[in-house]
Amino acid sequence: MVRLRVQEEALRRGLCLSGVQREAKLSMSTVRRYWYNSRTGLERDAGILREVNLDVLGAIAGVLGVAPGALLEG
């Protein structure tokens, strides 16, 4: 199973959730889903994010200065 590493990479670079959201110019609900790797964007959601939009992943990766594949683990 693949897991997103958005939160880990952002925190390692000193960026918070809202900072990533603003710089990526994406909605907060979208970034929260990728940040927490959850269907609903809630931190304690038991359901993992099952579909990843490559444009969204690319926008977040651009903000973090990494290749989109660096945000995937698994």
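It should be noted that the structure appears before, not after, this text.
Description of the structure in this document. Keep in mind that what you see is a predicted model, and the values were worked out from it rather than measured.

**Brief notes about the overall build of the protein**
Helix and strand content of the protein: four helices and two strands. Written out in order from the N terminus, the α and β elements of the protein read β-α-α-α-α-β. For the protein, the C-alpha atoms occupy an extent of roughly 30 × 25 × 20 Å along the three principal directions. The 74 residues of the protein split such that 38% are buried. For the protein, restricting intrachain contacts to residue pairs at least 6 apart in sequence, the fraction spanning at least 24 positions comes to 50%. When the accessible surface of the protein is summed, it comes to about 4500 Å², and 51% of that surface belongs to carbon and sulfur atoms. Here the protein carries 11 positive and 8 negative side-chain charges, and the mean point of each set is 3 Å from the other.

**As for the environment of P68**
Mapped onto the fold, P68 is located in the loop between α4 (54-64) and β2 (72-73). Taking the relative accessible area as the measure of exposure, P68 reaches 36% and is therefore partly exposed. Along the primary structure P68 and L54 are separated by 14 residues, whereas in three dimensions their C-alpha atoms are 8.1 Å apart. Beyond its immediate chain neighbours, meaning those up to four positions away, P68 contacts L57, G58 and A61.

**Some points on α4**
At 3.6 residues per turn, the α-helix brings residues three or four places apart onto the same side. Among the residues making up α4, those that are buried are V56, L57, I60, A61, V63 and L64. Projection of α4 onto a plane perpendicular to its axis shows the buried side chains occupying an angular sector of 155 degrees, all on one side. Exposed side of α4, more than 90 degrees from the buried face: L54, D55 and G62 are the residues found there. Looking at the buried residues of α4, the elements they touch are β1 (3-4), α1 (6-12), α2 (17-24), α3 (28-36) and β2.

Thresholds applied
Residues numbered from 1 in each chain as written. Predicted model: local features only at pLDDT ≥ 70, side-chain atom pairs only at ≥ 80, totals over all residues. Heavy atoms only, no water. Helix = DSSP H or I, 4+ residues; strand = E, 2+ residues; numbered from the N terminus. Buried < 20%, exposed > 50% of the residue type's maximum accessible area, 1.4 Å probe, protein only. Contact = heavy atoms within 4.5 Å. Areas by Shrake-Rupley, 256 points an atom, 1.4 Å probe, with all protein chains shown as cover. Lys, Arg positive; Asp, Glu negative; His and termini not counted. Charge placed at Lys NZ, Arg CZ, Asp CG, Glu CD. Arc of directions from axis to C-beta.

That is the geometry; function is a separate question.
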